[in-house]
Amino acid sequence: MPQCPRGALSYQEGIVYWNEDICTGCDTCIKTCPTFSSPKVQQYTPEGLWRKLQPNTTFVSGISVSGGEPGLQMGFLMEFFRIVKSASNLTTLIETNGYTEPEEYRKLFPFLDMALVDLKIMDASKHKQLTGQDNSKVLETIRYLHGNGKLQGVNEVIIPGYHTDEDITCAARFLAELDPAIPFRLLRFRPHGTTGEALGWESPAENAMDRFVKLAQLQGLKNVSRSL
Amino acid sequence: MKTNRKNLPNPFLSFENLTEGLIPEKLPEFKKSIRDIMQSHELIHEQKRDALSNIAKDALTYPSISAEARALIEEGVICLLNEGAAPYHPRYVAPMYERLLANGSDFLELGPAVDLYDATASLTTAYKNVPCEAPVFIGRIDELLEPYYDTVSPEEARKVLRSFWLLVDRLNPSAFVHANIGPQKTRVGELLLDIDRELKTLTNLTLRFDAQITPHDFALRAIRNALELTKPYFLNHSRMVQDWGEDYAIASCYNSMRLGGGIFTLVRVNLKEMVKLAEPSIDDLLKRVIPMVAEKQIEIIQSRVRTIVEDVGWFEQNYWVDEGLIMKEKFTAYAAVFGLAEGVNELMARLGRPQARYGHDAQANQLASDITAAMHHAVKKVALPYCKGWDGACFHAQVGINSDVGVTPGVRIPSGEEPELYAHLRAEGHTHEWIEGGVSTILEFDQTATGNPEAVLDIIKGAFKEGVRNLSIGSASSEFVRVTGYLIRRSDLEAAKAHKALRHSSSIVGSGFLQTKPNHLHRVRRKV
């Protein structure tokens, strides 16, 4: 396909083939696609993925699965984590948006050590505006995972213009009422690698990040941190 | 020319002559070299004095060696590493300072140490008198001083250690001066990490790390230091104990030796040049060239060892020996290599696979490991006199000097060309296996590591499982750069470019090295 500067993509009978060996990872393909889809998607079986990761497991103490959204791959993950747990001493963790049903999370519990939940924003209407969805499900998931001893912490990406003092205070209060020890991490939005509307958003200022951390601590949370 | 840095370790000065020493026709050049040193504005007094003493040695005849061995030196296959024509002392010495503290020293007129003040004063005195070029090993500091910790109040202990650590650097301004701590956590060890972070001296430091012995919090503290200061090194202690037993020392860059012993000489083979002697055949290299070169390397080592022991009589009337701080039977010598990457890549190219590079290709990595193993076996085969501290010559990965243009230190993958982290550690780890005399891999992390020292610790543990013996951990934002095995400040590099005098003699060497290897400042940075 001529769009690829390295000639790493070919097109046969309606299928795009990607040559990993000559790809330089410039992502021109993704930027060229009108729906930002990637031709570099690889399919693995749970066993195949473990075979690929296993040689590197001497250098880590656990495996975390993020997104996309691991909640959409529960069947795969159950089998994959089952293999991880039977073949190693590694810990397992997912980073989820919290939209999966509690009984689905429960199926993972025998092989899952912990889950990190991304909370987009506490204000219900802004949440709907940002994601098209209500956030009550996310809050329910946080409660459910915590109740089962599986909540590693909650992450919230801070976007200027969306996140206000009120949002952070409410989120922190919600978590503190559950358990003041829940780790709450505020992540600074970065436009790198984003597309569409988010490209126009700015990174929050240093002092705003620091103020949010203090506000969250004021609600009684003992373990609040922020990214650089 | 007044700005000529005559104490740089060039393998040969213009007046040097392997067979005859300084000949009358070269006398004017010899005098000029002396004058250049005396009139240099870039050397401070002590550095001039050292350079003058080196140049005197270089005027002598080299110890007698065969014509074949001499030819290998002249072709640049074997290099003597600026020890001077005729050595008059061992290259590295690792005294048993614990005996000095326990018994005192008649010659130095020191009594047994009774408190932390005595102990640090005795050590400081000893360092100034170590019978080699610099106190390249200043002891397993935590073991030495922990017994004296309770002789003063905790506040005093901190003050005494702080001034001790300051004096180590100010009186011995060289980044080859090396202290060891660990594997246990001690109060002195913890304090020293704190003080080192505060004083930011260039003194080299190694943490002897063993996941079974070293407490987690102590290891993390050391990692935090390393991400800021590019030290301490993380040394695979259990691997060291397998090879050396408990009584070993790490000196200079990362050099292993017996405690109470030392290393007579370091003679190194340039693998890039050695490969040129082989047919385009792995078999020819491993079975013909390597044994031939190793035999000559050992011959040269022998001649130098004999000079120190027999001609100089270094062990006779030497108070370090008489007072039991150094033992003749614990000495050995290094047979070293460098330029593995270029050697491998060159042979792969001659075998018709120029794309197959060390670090990136399975066959090249295998060849790297095979060359290292073959050199290891070959240097051990030939017996060495007076080297009872090791079974034959001890194999070492030498890091290189300024004049090595286009040659990568030791068995490293060239800076800027490293593969992804795990592949990097595996490839170099397989060569570390053979190098008991000292070797290290450098890792530089980006700022994500500061927030996650636990992940760095996981990587260190994994690396040790893959055979890595020693890791230099640092961050790209640190004001220190690990040149090859020692540290230099980025600001000293700038000062050297502006022809200013530098306090640390090692920084003069290091700035020269970095100017010939700009990639060294642009290593691949790792996220965790």
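Note that this is a predicted model, so its numbers are computed, not measured.

A. A look at the domain arrangement of chain A. Partitioning chain A into structural domains gives domain 1 (1-42) and domain 2 (57-226). A straight line from the C-alpha centre of domain 1 of chain A to that of domain 2 of chain A covers 31 Å.

B. How the structure looks around the interface of chain A and chain B. Of the residues lining the interface, six residues belong to chain A; the matching set on chain B comes to seven residues. Residues belonging to the side of chain A that touches chain B are distributed by class as follows: three nonpolar, three polar and no charged.

C. Highlighting the packing of helix H15 (residues 362-381) of chain B against helix H16 (residues 421-432) of chain B. Residue and element names in this part refer to chain B. Viewed as axis vectors pointing N to C, H15 and H16 meet at an angle of 20°, and their least axial separation amounts to 8 Å. As summarised for this structure, H15 and H16 are arranged roughly parallel, according to the angle between their axes. In this structure, the crossing between H15 and H16 has a hand that is right-handed. Here Asn 365, Ala 368, Ser 369 and Thr 372 of H15 lie close against H16, whose contacting residues are Ala 427, His 430 and Thr 431. A class-by-class count of the residues in the contact of H15 with H16 yields two nonpolar, five polar and no charged.

D. Structural context of the sheet that holds strand S4 (residues 178-181) of chain B. All names here are of chain B. The mixed open sheet is built from seven strands, whose spatial order is S3-S4-S5-S6-S13-S12-S16. In this open sheet, the two strands that pair with only one neighbour each are strand S3 (137-140) and strand S16 (525-526). Examined bridge by bridge, S4 and strand S5 (residues 204-209) share four bridges and lie parallel to one another. Residue pairing for S5: Ala 179 is matched across the bridge by Leu 205.

E. Region of interest: the sheet that holds strand S7 (residues 184-188) of chain A. All names here are of chain A. Strand order in the open sheet formed by six strands is S3-S4-S5-S6-S7-S8, and the pairing between neighbours is parallel. Here the strands that pair on one side only, and so sit at the sheet edges, are strand S3 (62-65) and strand S8 (224-226). Across the sheet, the mean angle from the axis of one strand to that of its neighbour is 20°, orientation sign disregarded. Relative to strand S5 (residues 114-118), strand S4 (residues 91-96) is paired through four bridges, and the arrangement is parallel.

F. Focus on the packing of helix H8 (residues 187-199) of chain B against helix H9 (residues 216-229) of chain B. Residues and elements named next belong to chain B. Where H8 meets H9, the axes come as close as 10 Å, and the angle between the chain directions of the two elements is 20°. Looking at the two axes, H8 sits roughly parallel to H9. Relative to H9, H8 is oriented so that their crossing is left-handed. Along the contact surface, H8 presents Gly 189, Glu 190, Leu 193, Asp 196 and Arg 197, while H9 presents Phe 218, Arg 221, Ala 222, Asn 225, Glu 228 and Leu 229. For the contact of H8 with H9, the per-class residue count stands at four nonpolar, two polar and five charged.

G. Spatial organisation of the domain arrangement of chain B. Splitting chain B by domain gives domain 1 (1-61) and domain 2 (92-251). If you average the C-alpha positions of domain 1 of chain B and of domain 2 of chain B, the two centres end up 35 Å apart.

H. Fine view of unusual backbone geometry. Note the cis peptide between A:Gly67 and A:Gly68, where omega equals -15°. Looking at the element boundaries, A:Gly68 is found in the loop between S3 and helix H3 (74-87). Here the bond from B:Lys231 into B:Pro232 is cis, since omega is 5°, no more than 30 degrees from zero. For B:Pro232, the position within the fold is in the loop between H9 and strand S6 (233-236). The phi torsion at B:Ser252 lies on the positive side, around 55°, for a residue other than glycine. Structurally, B:Ser252 can be placed in the loop between strand S7 (248-251) and strand S8 (255-258). By C-beta crowding, B:Ser252 is classed as buried, having 27 other C-beta atoms within 10 Å. At B:Tyr386, a position not held by glycine, the phi torsion is positive, near 65°.

Criteria and thresholds
Residues numbered from 1 in each chain as written. Chains lettered and ligands numbered in written order. Predicted model: local features only at pLDDT ≥ 70, side-chain atom pairs only at ≥ 80, totals over all residues. Domains from an automatic or database assignment. Contact = placed C-beta atoms within 7 Å. Nonpolar A, V, L, I, M, F, W, Y, C, P; charged D, E, K, R; others polar. Axes fitted to C-alpha atoms, helices over the stretch in contact; angles between N-to-C directions. Helix = DSSP H or I, 4+ residues; strand = E, 2+ residues; numbered from the N terminus. Parallel < 35°, antiparallel > 145°, perpendicular 65-115°, else oblique. Left-handed = near helix turned anticlockwise from the far one by under 90°. Pairing = 2+ DSSP bridges. Buried ≥ 20, exposed ≤ 12 C-beta atoms within 10 Å, placed from the backbone.

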